[in-house]
Each structure stands twice: as structure tokens, then as C-alpha cells.
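Chain by chain, the residues:
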Amino acid sequence: MPLIDLRSDTVTRPTPPMLAAMQAAAVGDDVYEEDPTVRELETSLAARFGMAAGLFCPSGTMTNQLAIMAHCAPVSEVICEASAHVYLWEVGGIMHHARASVALLPGERGRLTASQIAGAIRPTGNVHYPTTRLVCLENTHNRGGGSCYQWADLVEIAAVAKQHGLALHLDGARIFNALVATGQRSEDYGTLFDSISVCLSKGLGAPVGSVLLGSQEFINGCKRLRKLFGGGWRQAGYLAAAGLFALENNVARLADDHRRAAQLAEALRPLPYVAEILAPETNLVIFRLDESHLTVADCLSRLEAQGIKASGFGGSWVRFVTHLDVTDDMLARVIAALPELAGAGRPA
Ligand SMILES: *Cc1c(COP(=O)(O)O)cnc(C)c1O
């Protein structure tokens, strides 16, 4: 029986046609700016988001941290949601790279509002405060269970940022999930954000890579910082080709992942050991166990015994992620396994 890996959408393997596209890539030395496939990925993705330029990097952590570092002069403050990836899961990089302080705001499933952000901006001209420079949003929001922003809310937030002269960065690790789920247009994003980080190695199924998007001047500065990080790379076109293939072939199908996530949530809802589910908006299903019925450790080990991997997500929470390598047959196997997890003879 094939393993069903629901831990993350990062676990996908390149398919034979993606590998063929990688093998056929035209490459050159990207530090000399001579890799045509990297160039094509950067320029085409930038155009797709209404941005002037792009920078291909190995990870979303690198694209986020480069952007934050580039936006923040010394003694800055960054506003973000309390469970934002840039704060929670990037090794404290805001402190280390940008040496900036962070104003954390509690979001509704990771979403911030314009008025919350306006209320967190430091008054200027007071010697006690750092200077607020940057607002970071995350769409979809990982910890918020793949939640998406409404367009009108993004417009309001961008207006507040602009009014106060703040830069606005989007951690768009799963931006294509948000676009597919909401029908928003990628080109419009460039009108609101100063920089966007897009991951190719999440739901899009490329083995490696993220692209940072912004103005030409901003990207030039980030390219220098990427070199400082040791991230200047050479024939990266082989990897860029996987990203181009993913953008061509794997965007529309994200709707299948969203449908499967909704089916998983439906199957979980009546189970006595499930205390709470964050209704899936995209491909993440986050649910809380009633641990008097089933502990997280037992849940994960009993799933694993049936060839199914999932992630503990802190406290009593568990996360399932649907992706390119999860088929309807696999989904049926998971749904069949779920009711048995709390063990026979246990109180229902
Ligand atoms: C995965 C992820 C990233 C980047 O992760 P890398 O593993 O560094 O590529 C950034 N933000 C969010 C919301 C993510 O889920």
C-alpha cells in the first residue's frame, strides 16, 4: 500500500514530465545573470503578479527574510500576526537579519484588519519608540488553517500602510491556493504589495524554490543580500524549469486539493474524538482532538500504523494537508481509517 503523506504539501516528488522539463532546461551561471531559465521564471512570475522584477531563491524563509531585511532600516519595527510564519517558524530571523522589533497582533485565523494595524503603528517623533516600517501579511495563513483574505480587506490594509509610509510584504507561500479559492487576480496583487514571496515547492509541486517579487530597485538590493546569505547560485535553471512547469501545469488543479480537504473535514466532523475543526478554505485541515478520547500521540501513531502520516500542530491540534501526491483513492483510505482511530470498545 502506498504511503499517504498528509504532513505537508512540501513532500511532493517531481513527476516524470516535470523531471523531463528540468533535464531539457537551458542553463547558465546565474551569478553572472546568464541563466535564461531562471530569468524566464523571474520575469514571467513578476509579470503575473503585476510586479517589475523577481528573484529566485531556494526557500520561502530566504525570500521572506531578504524582503524584511531590505525593507527595514536599523531600529525598525515589523507588524505581523502573532502566529505568522515569518515570526514563528523562521528561527527568529527578523531579530537576527533585520535586527528589528516585532509588534504581534492577534488575528482571526491569522487575518489582520486595517484598524488593528493602524492601532499598532508607533507615533513618530517620540524617542522611546522604534520606527514602524513594515507590515507582513500571510495569504493563505498556515497556522490559521489555510485561511484567505478577502480582497476588500487587503485594499483597506494597503491604504493604511500607504498613508503611514509603511512597506507591505506578502508571505505568499500558498498564494496560488488563495487565488484559486477566491477567484482573485494575481495581477492585482502588485498594485497593493511592495513585495511578495511565492513558494513553488508547496502545493505547486516543484522540488525546490521560492520567488521574491518587487520593484527592480528592491530586487537589486535583495540580490546583493542573497549573495551575502551565500545564496548566489549557478546553473539554477534546472530548478527554475521545475517551477515553470509547475506554474504551467499545477495551478488550476489546486481546486482538487481544496475539494479533498473539504471532504476530510466532513469525515472528521461527526467523530467523537474531534473537538473542533477550522473549516477548510483551501488545502489545510486543522482540527483539535478531545484528548480524553484520543491523544495526539495515539492519533499520529495509529495513523502511521495504517501508512498515513499527519502532523501534530501544537497542543491538541493535528494538521492534514492535501496536495499533488494525494489521490482520491488515498483519500478514501484515510476516510475509512478515521472512525477506527479511537479504538474499538472505547466510549463513543
Ligand atoms: C512553508 C512556508 C514558508 C517558507 O518555507 P520554506 O520551507 O522556507 O520554503 C513561508 N511561509 C509560510 C506561510 C509557509 O507555509
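Residues numbered from 1 in each chain as written. Predicted model: local features only at pLDDT ≥ 70, side-chain atom pairs only at ≥ 80, totals over all residues. Heavy atoms only, no water.

- The name given to the protein chain in an unreviewed UniProt entry is Aminotransferase class I/II-fold pyridoxal phosphate-dependent enzyme, with the source organism recorded as Hymenobacter ginkgonis.
- You can read under Cofactor (unreviewed entry) in the UniProt record for the protein chain the words "pyridoxal 5'-phosphate".
- What UniProt records for the protein chain under Sequence similarities (unreviewed entry) is the sentence "Belongs to the threonine aldolase family." (UniProt positions renumbered as here; feature names shortened; annotations may be inferred.)

## Description of the site of the ligand
Phase 1 of the analysis: Lining the immediate environment of the ligand, one finds Ser59, Gly60, Thr61, Asn64, His85, Glu90, Glu138, Asn142, Asp171, Ala173, Arg174 and Lys202.
Phase 2 of the analysis: Within the side chain of Asn142, a nitrogen or oxygen atom sits 3.1 Å from an oxygen atom of the ligand.
Phase 3 of the analysis: Arg174 has a polar side-chain atom sitting 3.0 Å from an oxygen atom of the ligand.
Phase 4 of the analysis: No other element matches the three residues that helix H3 (residues 60-71) contributes to the shell around the ligand.
Phase 5 of the analysis: For the shell around the ligand, the class distribution of residues is one nonpolar, six polar and five charged. (Near = heavy atom within 4 Å. Polar contact = N/O pair within 3.5 Å; in protein donor to acceptor, adjacent residues only side chain to side chain. Helix = DSSP H or I, 4+ residues; strand = E, 2+ residues; numbered from the N terminus. Nonpolar A, V, L, I, M, F, W, Y, C, P; charged D, E, K, R; others polar.)

## Here's the deal with the sheet that holds strand E7 (residues 195-199)
Phase 1 of the analysis: Spatially, seven strands are ordered E2-E8-E7-E6-E5-E3-E4 in an open sheet, and the strand pairing comes out mixed. Both edges of this open sheet fall to strand E2 (53-57) and strand E4 (101-105), since each of them pairs with a single strand only. Between one strand and the next, the sheet's axes are offset by a mean angle of 20 degrees, whatever the strand orientation.
Phase 2 of the analysis: With five bridges connecting them, E2 and strand E8 (residues 210-214) associate as antiparallel partners. Considered in E8, the bridge of Cys57 is made with Ser210.
Phase 3 of the analysis: Packed on one face of the sheet, helix H2 (residues 36-48) meets E2, E7 and E8 and runs near 130 degrees to E2. (Pairing = 2+ DSSP bridges. Axes fitted to C-alpha atoms, helices over the stretch in contact; angles between N-to-C directions. Contact = heavy atoms within 4.5 Å.)

## Digging into the packing of aromatic side chains
Phase 1 of the analysis: Enumeration according to the criterion identifies six aromatic pairs in this entry.
Phase 2 of the analysis: Aromatic pair Phe49 and Phe176: ring centres 5.5 Å apart, planes at 80 degrees, arrangement edge-to-face. Here Phe49 is found in the loop between H2 and E2, whereas its partner Phe176 is found in helix H8 (residues 175-182), with 127 residues between them in sequence.
Phase 3 of the analysis: Seen in terms of ring centroids, Trp89 and Phe313 are 5.7 Å apart; in terms of plane orientation they differ by 45 degrees. Their pairing is tilted. One end of the pair, Trp89, is in the loop between helix H4 (85-88) and helix H5 (93-98); the other, Phe313, is in the loop between strand E12 (311-312) and strand E13 (317-321), and 224 residues separate them in sequence.
Phase 4 of the analysis: Under the relative-accessibility criterion, Trp89 is labelled partly exposed at 34%.
Phase 5 of the analysis: Classification of Phe313 as buried rests on a relative accessible area of 8%.
Phase 6 of the analysis: Among the aromatic residues, ring-to-ring pairing joins Trp151, Tyr189 and Phe193 into one connected group. (Phe/Tyr/Trp six-rings, centres within 6.5 Å; stacked < 30°, edge-to-face > 60°. Buried < 20%, exposed > 50% of the residue type's maximum accessible area, 1.4 Å probe, protein only.)

## A short note on the environment of Leu179
Phase 1 of the analysis: Take Leu179: it is sitting in helix H8.
Phase 2 of the analysis: For the pair Leu179 and Ala252, spaced 73 residues apart in the sequence, the C-alpha separation amounts to 9.7 Å.
Phase 3 of the analysis: In this view, Leu179 contacts Phe49, Gln184, Arg185, Ser186 and Tyr189; residues no more than four positions away in its chain are not counted.

## Section: the pairing of E13
Phase 1 of the analysis: Most of E13 is tucked away, with five of its five residues classed as buried.
Phase 2 of the analysis: Across five bridges, the pairing between strand E10 (residues 284-289) and E13 is antiparallel. When the bridges of E13 are listed, Phe287 appears paired with Val318.

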